[in-house]
Each structure stands twice: as structure tokens, then as C-alpha cells.
Amino acid sequence: KEERERERGREMQSRTHSLEEALKEGKWALQRCGTHLVYSRLVMKDGANKTMETQTFTASKTPSDRRAHANALTQLRHYDADVLHIFRSDMPEEFSADLALVTDRIRITQKELNLARDLLKSADQEVYRLSIELVEYEQRSHSLEWGGDWR
């Protein structure tokens, strides 16, 4: 038990304690600064399909909950789950336009891959159905074969 507590203490020390540090490390860009601070970033997420996603994080400018800071850090850690790559938020405008085109092409390619996967699944089901029909046909034709003398 004591070892687990020491390990948990080391883990807590290695975590970012400053919200500003966590936002900087996560490459979050401030989008709006009204009564709430709104940050966003573009990421590529891991999963069945690698997907591009714009994540948005909102924090109150003047939080009233004493645990708001800790909750915000936890929320940022959850956003980092399954992230393969975080794109820079300070890209020049021409790169952003190129990135948008690449992102659209990736989405189209993902849709094409999903369609091909569905077609392959349908083809596998059809091959299975036809193989069952073939076995049934062979069984019927085998039972009709001549089994001996016809007298």
C-alpha cells in the first residue's frame, strides 16, 4: 500500500500543475476571450479510422468552484487520450488553407475506405452463402448418383 502511495505521489508530481503550462504543452490556441476563455486545436486521433478533429476547450475567466483548476486539468488530460498528432496552432494562413484541403482529402479517403470495407464484408457474406449452396447442391447430386444394380 505504501509503495502505491509513493508511486501515485510521483505520478502527481509529473503531471502539469499549471493550467497555462497544460494549454501550452497541448498546443491550444486562444480563440475567444469574453466571460469565458475558449481554446481550440486541430488533432489527429487514433482509432479504427485515423480522424482529424478540432477540439474545443472552454474555461471560465473567473471560476467560482474551488476545484475548477483541477477539473480543467483533468479535462485537458481526457482530450489528450488517443491523440496521435497535434497540429501547430500558429501556422501561417496559406498552410492552414493547405491543411484544410488535406483534411478534406483524408475525410474523403476515410469514407472511401469505409465503403470498400462494407463492400468486402458484403462480398464475404455472398461467398459464404454461395459456398453453402454449393455444399447443399453436392449433397443432393451425390444422393442421386447410381448406387448399384438397376434390375
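Residues numbered from 1 in each chain as written. Predicted model: local features only at pLDDT ≥ 70, side-chain atom pairs only at ≥ 80, totals over all residues. Heavy atoms only, no water.

Let's shift gears to the overall build of the chain. A tally of regular secondary structure across the chain gives four helices and four strands. For the chain, the α and β elements follow one another from N to C terminus as α-α-β-β-β-α-β-α. For the chain, buried positions account for 19% of its 151 residues. For the chain, the share of sequence-separated contacts (at least 6 apart) that also reach a separation of at least 24 residues comes to 54%. Counting only carbon and sulfur atoms, one obtains 54% of the accessible surface of the chain, whose full area is about 12,300 Å². (Helix = DSSP H or I, 4+ residues; strand = E, 2+ residues; numbered from the N terminus. Buried < 20%, exposed > 50% of the residue type's maximum accessible area, 1.4 Å probe, protein only. Contact = heavy atoms within 4.5 Å. Areas by Shrake-Rupley, 256 points an atom, 1.4 Å probe, with all protein chains shown as cover.)

Quick look at the packing of aromatic side chains now. In the structure shown here, the tally under the stated rule is three aromatic pairs. When the ring of Trp28 is compared with that of Phe57, the centres are 6.0 Å apart and the planes differ by 55°; the resulting orientation is tilted. Separated by 29 residues along the polypeptide, Trp28 in the loop between α2 (19-25) and β1 (29-33) and Phe57 in strand β3 (residues 51-60) bring together distant segments of the chain. By relative accessible area, Trp28 is classed as buried at 8%. Between Trp28 and Tyr79, the aromatic rings sit 5.4 Å apart at their centres with planes inclined by 65°, giving edge-to-face as the arrangement. (Phe/Tyr/Trp six-rings, centres within 6.5 Å; stacked < 30°, edge-to-face > 60°.)

Core analysis: the largest hydrophobic core is formed by eleven residues, namely Leu19, Ala22, Leu23, Trp28, Leu37, Tyr39, Phe57, Ala59, Ala72, Leu73 and Leu76. When residues of this core are traced back to their parent elements, those giving at least two are α2, β2 (36-45), β3 and α3 (68-79). Residues contacting Leu37, with those up to four places away along its chain left out, are Leu30, Arg32, Phe57, Thr58, Ala59 and Lys61. (Core = buried A, V, L, I, M, F, W, Y, C linked by side-chain atoms within 4.5 Å.)

This brings us to the layout of surface pockets. Unoccupied space between atoms shows up once a probe the size of one water molecule is rolled over them. In this structure, the largest pocket occupies an estimated 320 Å³ of space. Around the largest pocket, the lining comprises 18 residues; the ones closest to its centre are Leu19, Ala59, Ser60, Pro63 and Ala72. Put simply, the parts of the chain that give the lining of the largest pocket at least two residues each are α2, β2, β3 and α3. At five residues, the largest contribution of residues to the lining of the largest pocket is made by α3. A breakdown of the residues in the lining of the largest pocket according to their chemical character gives nine nonpolar, six polar and three charged. (1 Å grid on protein atoms, 1.4 Å probe; cavity = no way out; pocket = protein on both sides within 12 Å on 5 of 7 lines; lining within 4 Å. Points joined across faces, edges and corners; volume = space filled by probe spheres on them. Nonpolar A, V, L, I, M, F, W, Y, C, P; charged D, E, K, R; others polar.)

Moving on, we come to the pairing of β1. Within a regular beta strand, the side chains point alternately toward one face of the sheet and then the other, so they alternate between its two faces. Bridge analysis of β1 against β2 gives four bridges, and the strand direction is antiparallel. Residue pairing across strands places Cys33 opposite Leu37, the latter belonging to β2. With antiparallel pairing between neighbouring strands as the criterion, β1 and β2 make up a hairpin whose turn holds two residues. (Pairing = 2+ DSSP bridges.)

No statement about biological role is implied by the geometric values presented.
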